[in-house]
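Report on the structure
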Amino acid sequence: QQPVQSPQAVILREGEDAVINCSSSKALYSVHWYRQKHGEAPIFLMILLKGGEQKGHDKISASFNEKKQQSSLYLTASQLSYSGTYFCGTERVSYGKLTFGQGTILTVHP
Amino acid sequence: GAVVSQHPSRVICKSGTSVKIECRSLDFQATTMFWYRQFPKQSLMLMATSNEGSKATYEQGVEKDKFLINHASLTLSTLTVTSAHPEDSSFYICSADPEERRTQYFGPGTRLLVL
């Protein structure tokens, strides 16, 4: 039931773009995206509630394809501060528990 | 807003002792809190859902007698690791959901090392 994230790791130079994907084998109600720095708690980025919904936060945006049970996180013009591990958390019912993917390690170099 | 605190941030204990970890929602009330465990370079694994005023709901494979959860108030949940062993060493993180915001906010985590 754990969603599958791809790629497992990404290495970028500052200013480059990246896409992180999250796929589930089960129907989803929502997808939540978090970023975690080493040794710290995950920080909430955004939630996508409806199929086809897209949200943006500064230069980080995401989409949710409900039919395909997939979500993608888009990071444009990456900054050094974007480095960390990105997790998607999926929810199958409203106010249900979150099941997290295995994480994608993003490293941004100067 | 939506700040969650945890205490202690780090604890080292001897094998066989019990350790209590507190999770507090500082600026909102939470009828539900969640406890996760994260091993190095792995994902967050849900251990249990803590419900204010009722028993916690444990995930499959999590021993409820070993990981005692008490949701004493709308702002406080505690996790007690009883008779801790070295294999219990991990990063324990709690989260809470201020329902109007529709997502979980995480505490800073507690790093437990059992010697």
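Note: the structure precedes this text.
Residues numbered from 1 in each chain as written. Chains lettered and ligands numbered in written order. Predicted model: local features only at pLDDT ≥ 70, side-chain atom pairs only at ≥ 80, totals over all residues. Heavy atoms only, no water.

**Some thoughts on the overall build of chain B**
Scanning chain B for helices and strands turns up zero helices and 11 strands. Relative to a compact globule of 115 residues, whose C-alpha radius of gyration would be 13 Å, chain B shows 13 Å and is just as compact. Buried residues in chain B amount to 54% of all 115 residues. Partitioning the intrachain contacts of chain B with sequence separation of at least 6 by distance along the chain shows that 53% fall at a separation of at least 24. Accessible surface computed for chain B: about 5,700 Å², of which carbon and sulfur atoms make up 51%. (Helix = DSSP H or I, 4+ residues; strand = E, 2+ residues; numbered from the N terminus. Rg over C-alpha atoms; globule rule 2.2 N^0.38 Å. Buried < 20%, exposed > 50% of the residue type's maximum accessible area, 1.4 Å probe, protein only. Contact = heavy atoms within 4.5 Å. Areas by Shrake-Rupley, 256 points an atom, 1.4 Å probe, with all protein chains shown as cover.)

**Digging into the pairing of strand E11 (residues 110-114) of chain B**
Residues and elements named next belong to chain B. Covered by surrounding structure in E11 are Thr 110, Leu 112 and Val 114 only, the residues Arg 111 and Leu 113 on the alternate face being uncovered. Direction of pairing for strand E2 (residues 10-13) relative to E11: parallel, over a ladder of four bridges. The partner of Arg 10 across the bridge, within E11, is Arg 111. Two elements, strand E9 (residues 90-96) and E11, share three bridges in a ladder whose sense is antiparallel. Residue pairing in the sheet places Tyr 92 in a bridge with Thr 110 of E11. (Pairing = 2+ DSSP bridges.)

**Regarding the pairing of strand E8 (residues 70-75) of chain A**
Residue and element names in this part refer to chain A. Both strand E3 (residues 18-23) and E8 contribute to a ladder of six bridges, which runs antiparallel. Note on E8: the bridge partner recorded for Asn 21 is Ser 72. Judged from the six bridges that link them, strand E7 (residues 60-65) and E8 form a sheet pairing that is antiparallel. Bridging across to E8, Phe 64 finds its partner in Ser 71.

**Considering the interface of chain A and chain B**
With 21 residues of chain A at the contact, the number on the chain B side is 19 residues. Counting the surface lost from both chain A and chain B, the interface buries some 1,600 Å², and carbon and sulfur atoms represent 57% of this. Among the residues of chain A in contact with chain B, Tyr95(A), Lys97(A) and Phe100(A) are the three that bury the most area, contributing 32% of the side total. At the boundary of chain A with chain B, the tally comes to one salt bridge. (Buried area = accessible area lost by both parts, 1.4 Å probe. Salt bridge = Lys/Arg side-chain N within 4 Å of Asp/Glu carboxyl O.)

**A look at the nonpolar core**
In a soluble, globular protein the nonpolar side chains are often hidden away together inside. Within the largest apolar cluster, 26 residues are counted, with the highest numbers of intra-cluster contacts made by Val4(B), Trp35(B), Phe67(B), Leu79(B), Tyr92(B) and Leu112(B). Only E2, strand E3 (19-25), strand E4 (32-38), strand E5 (45-51), strand E7 (67-73), strand E8 (76-81), E9 and E11 of chain B provide two or more residues apiece to this core. Discounting chain neighbours no more than four positions away, the residues touching Tyr92(B) are Gln6(B), Ile21(B), Tyr36(B), Arg37(B), Met47(B), Phe67(B), Leu79(B), Gly109(B), Thr110(B) and Leu112(B). Grouped together as the second largest cluster of nonpolar side chains are 21 residues, Cys22(A), Trp33(A), Met46(A) and Leu106(A) included. (Core = buried A, V, L, I, M, F, W, Y, C linked by side-chain atoms within 4.5 Å.)

**Observations regarding the side chain of Gln38(B)**
Mapped onto the elements, Gln38(B) comes out in strand E4. Owing to a relative accessible area of 8%, Gln38(B) belongs among the buried residues under this scheme. Apart from the residues within four sequence positions on either side, Gln38(B) is in contact with Gln36(A), Phe87(A), Ser43(B), Leu44(B), Ser90(B), Phe91(B) and Ile93(B).

**Thoughts on the packing of aromatic side chains**
Counted by the stated rule, this structure contains eight aromatic pairs over all chains. For the ring pair Tyr34(A) and Phe106(B), a centre distance of 5.2 Å and an interplane angle of 85 degrees mean the geometry is edge-to-face. Separated into two different chains, Tyr34(A) in strand E4 (residues 30-36) and Phe106(B) in strand E10 (residues 105-106) make up a pair that spans both. The buried category is assigned to Phe106(B), whose relative accessible area is 9%. Geometry around Phe67(B) places Lys66(B) over its ring, the cationic atom sitting 5.9 Å from the centre. Above the face of the Phe91(B) ring, Arg111(B) is positioned so that its terminal group lies 4.4 Å from the ring centre. (Phe/Tyr/Trp six-rings, centres within 6.5 Å; stacked < 30°, edge-to-face > 60°. Lys NZ or Arg CZ within 6 Å of the ring centre and 35° of its normal.)

**A word on the state of the cysteines**
Residues and elements named next belong to chain B. Applying the stated rule across the entire model yields two disulfides over all chains. There is a disulfide in this structure between Cys 23 and Cys 94, and the S-S distance comes to 2.0 Å. On the S-S bond that ties Cys 23 to Cys 94, the torsion sits near 80 degrees, and the link is right-handed. Of this pair, Cys 23 sits in strand E3 while Cys 94 sits in strand E9, and the two are 71 residues apart along the sequence. For the pair Cys 23 and Cys 94, a shared accessibility class is recorded, and that class is buried. Cys 13 carries a free sulfur, and the closest cysteine sulfur to it, the one in Cys 94, is 18 Å from it. (Disulfide = S-S within 2.5 Å.)

What is shown is where atoms sit, not what they do.
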